[in-house]
Amino acid sequence: MAKKNIGASLALYPSPLIVVGAMVEGKPTWTLVAHTGTMAHSHLMVSLVQAHYINKGIRENKKLSVNVVDASWLRDADRMGTISGNKADKSGAFAWTMGEHGAPLIDEAKVSIECEVDGNYELEHFDHFEPNPLRGRT
Ligand SMILES: Cc1cc2nc3c(=O)[nH]c(=O)nc-3n(C[C@H](O)[C@H](O)[C@H](O)COP(=O)(O)O)c2cc1C
């Protein structure tokens, strides 16, 4: 098939969609993320604009959860991409369970991965957290 040049583009799609969970000031908060992936055989990667509310909690507690979105809770997940914790409290958005290591896990998610954050590669105005999975749940 002939290639069509569409110019320089970040077009690595489709990609999994996740809701990242973390604790901020003692309450859970949730953020929708598409730019995520796997590093080596040990870490995930979550790319988050530094101005997002959730980054504060991840930087302080070094814990986050990766909750894999599916159609059954897509609408609620999408809201986590349109509302910022800087303006509204998102702590009540989901039924959740505290993980064994201090990251909040969404009950409705069929896969939730509790992680400890080992590093942060900062690029432009993004944090690229390097979470190390501690527990998987299906
Ligand atoms: C489909 C979709 C995907 C998104 N992916 C990302 C992403 O990969 N990284 C990011 O920093 N923000 C992403 N966002 C934007 C944040 O989810 C959004 O700005 C959110 O309100 C930030 O919440 P917070 O300030 O409470 O952390 C995405 C939004 C949507 C709708």
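Residues numbered from 1 in each chain as written. Predicted model: local features only at pLDDT ≥ 70, side-chain atom pairs only at ≥ 80, totals over all residues. Heavy atoms only, no water.

Chemist: I would appreciate a short explanation of the site of the ligand in the present structure.
Modeler: Lining the immediate surroundings of the ligand are 18 residues, of which Thr-31, Leu-32, Tyr-53, Ser-84 and Gly-85 lie closest. A distance of 2.8 Å separates an oxygen atom of the ligand from a polar backbone atom of Leu-32. Contact distances for the ligand include 3.1 Å between a nitrogen atom and a backbone N or O atom of Ala-34. Isolated, the ligand exposes 650 Å² of accessible area, and the fraction of that covered by the protein chains is 78%. (Near = heavy atom within 4 Å. Polar contact = N/O pair within 3.5 Å; in protein donor to acceptor, adjacent residues only side chain to side chain. Areas by Shrake-Rupley, 256 points an atom, 1.4 Å probe, with all protein chains shown as cover.)

Chemist: How should I be thinking about the side chain of Asn-55 in this particular structure?
Modeler: With respect to the helices, strands and loops of the structure, Asn-55 is situated in helix α1 (residues 53-61). Taking relative accessible area as the criterion, Asn-55 reaches 1% and is therefore assigned buried. A distance of 3.1 Å separates a polar atom in the side chain of Asn-55 from the backbone oxygen of Val-49. Not counting residues up to four positions away in its chain, the partners in contact with Asn-55 are Leu-48, Val-49, Gln-50, Asp-127 and Phe-129. (Helix = DSSP H or I, 4+ residues; strand = E, 2+ residues; numbered from the N terminus. Buried < 20%, exposed > 50% of the residue type's maximum accessible area, 1.4 Å probe, protein only. Contact = heavy atoms within 4.5 Å.)

Chemist: Can you help me understand the packing of aromatic side chains in this one?
Modeler: Here a ring pair, both rings aromatic, is described through the centre-centre distance and the interplanar angle of the planes. The final tally for this structure, using the stated rule, is 2 aromatic pairs. On the basis of an interplanar angle of 90° and a centroid distance of 5.6 Å, the ring pair of Trp-30 and Phe-94 is categorised as edge-to-face. Within this pair, whereas Trp-30 is found in strand β2 (residues 27-33), its partner Phe-94 is found in the loop between α2 (74-79) and β6 (96-98), the two being separated by 64 residues in sequence. There is no split in this pair, since Trp-30 and Phe-94 are both buried. Their ring planes at 90° and their centres at 5.6 Å tell us that Trp-73 and Phe-94 sit as a pair that is edge-to-face. Taken together, the residues Trp-73 in the loop between β5 (63-68) and α2 and Phe-94 in the loop between α2 and β6 connect sequence positions 21 residues apart. A single burial state applies to Trp-73 and to Phe-94, both of which are buried. (Phe/Tyr/Trp six-rings, centres within 6.5 Å; stacked < 30°, edge-to-face > 60°.)

Chemist: How should the nonpolar core be read in this particular structure?
Modeler: In summary, soluble globular proteins display a tendency toward joint burial of nonpolar side chains. Judged by nonpolar contacts, the single largest core of 15 residues is most densely connected at Val-20, Val-46, Leu-48, Ile-58, Leu-64 and Val-66. Taken together, the elements giving at least two residues each to this core come down to β1 (18-24), β4 (43-49), α1, β5 and β8 (112-120). Among residues more than four places away in sequence, those in contact with Leu-48 are Thr-31, Val-33, Ile-54, Asn-55, Ile-58, His-125, Phe-126, Asp-127 and Phe-129. Core analysis: the second largest hydrophobic core is formed by 10 residues, Val-19, Trp-30, Leu-32 and Ala-77 among them. (Core = buried A, V, L, I, M, F, W, Y, C linked by side-chain atoms within 4.5 Å.)

Chemist: I'm lost on unusual backbone geometry in this one. Help?
Modeler: As a rule of thumb, non-glycine residues mostly have phi less than zero, and peptide bonds are mostly trans rather than cis. In this structure, Pro-14 follows Tyr-13 across a cis peptide bond, with omega equal to 5°. Tracing the chain through its elements places Pro-14 in the segment before β1. Of note in this structure, Glu-25 is not a glycine but carries a positive phi near 50°. In this structure, Glu-25 sits in the loop between β1 and β2. Given the relative accessible area of 63%, Glu-25 is considered exposed. In the Ramachandran plot, Ala-40 falls in the positive-phi region, its phi being about 50° despite a non-glycine side chain. Checked against the element boundaries, Ala-40 lands in the loop between β3 (36-39) and β4.

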